Amino acid sequence: NHPTSFVGLAKELTDFDVIIQGKSSEGWINIRKHIDLRKAQETKSKLEAQLNLQKAYKHFGKFIDSENILELDIAHQIVDKISFRP
């Protein structure tokens, strides 16, 4: 019963299962954890801004690698949506 934190965006809070699978010397190990969102806490818009900034960085990096102007346009669209208010 340890607290679990997930970072991301969701339109709707719906319970879900996380399944982690790995292989040991004795065979496969499956760990299944049900995530109950009844006690979920809504995050601040600052977190959403940070996530969007990471998405923009990703597209900017693609622009640098490929020189595809579309990637730069996408990065600008994402940044334009970010509110940097505290």
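Everything below is about the structure printed above this text.
Q: Help me understand the pairing of strand β1 (residues 16–24) in this model?
A: Two faces, one strand: in a regular strand the side chains alternate between the faces of the sheet. Across nine bridges, β1 lies against strand β2 (residues 27–35) in antiparallel orientation. When the sheet's bridge partners are listed, I20 is paired in β2 with I31. Joining the antiparallel neighbours β1 and β2 is a turn of two residues.

Q: Hey, could you run me through the pattern of salt bridges in this one?
A: Under the defined criterion, the tally for this structure stands at one salt bridge. Between R32 and D17 there is a salt bridge, with the nearest N and O atoms lying 3.1 Å from each other. Note that R32 is positioned in strand β2 and D17 in strand β1, a separation of 15 residues in sequence.

Q: Looking at this structure, I do not really get the packing of aromatic side chains. What am I missing?
A: Any aromatic ring pair is given by two values, namely how distant the centres are and how the planes are angled relative to each other. For the coordinates displayed, the defined rule picks out one aromatic pair. Here F60 and F63 contribute two aromatic rings whose centre-to-centre distance is 6.2 Å and whose plane-to-plane angle is 40°, an arrangement assigned as tilted. With F60 and F63 both in helix α1 (residues 45–66) and three residues apart, this pair spans about one turn of that helix. The exposure class assigned to F60 is partly exposed, which follows from its relative accessible area of 39%.

Q: Would you mind showing me how to read helix α2 (residues 69–81) here?
A: Think of an α-helix as turning once every 3.6 residues; residues three or four places apart then point the same way. Taking 1.5 Å per residue as the helical rise, α2 with its 13 residues ought to reach 18 Å, and the 19 Å between its terminal C-alpha atoms agrees with that figure. Here α2 has its buried residues at E71, L72, A75 and I78. For α2, the angular spread of buried residues about the axis comes to 125°, placing them on one side. Away from the buried face of α2 by more than 90 degrees, exposed residues Q77, D80 and K81 are located.

Conventions adopted
Residues numbered from 1 in each chain as written. Predicted model: local features only at pLDDT ≥ 70, side-chain atom pairs only at ≥ 80, totals over all residues. Heavy atoms only, no water. Pairing = 2+ DSSP bridges. Helix = DSSP H or I, 4+ residues; strand = E, 2+ residues; numbered from the N terminus. Salt bridge = Lys/Arg side-chain N within 4 Å of Asp/Glu carboxyl O. Phe/Tyr/Trp six-rings, centres within 6.5 Å; stacked < 30°, edge-to-face > 60°. Buried < 20%, exposed > 50% of the residue type's maximum accessible area, 1.4 Å probe, protein only. Expected span 1.5 Å × (residues − 1). Arc of directions from axis to C-beta.

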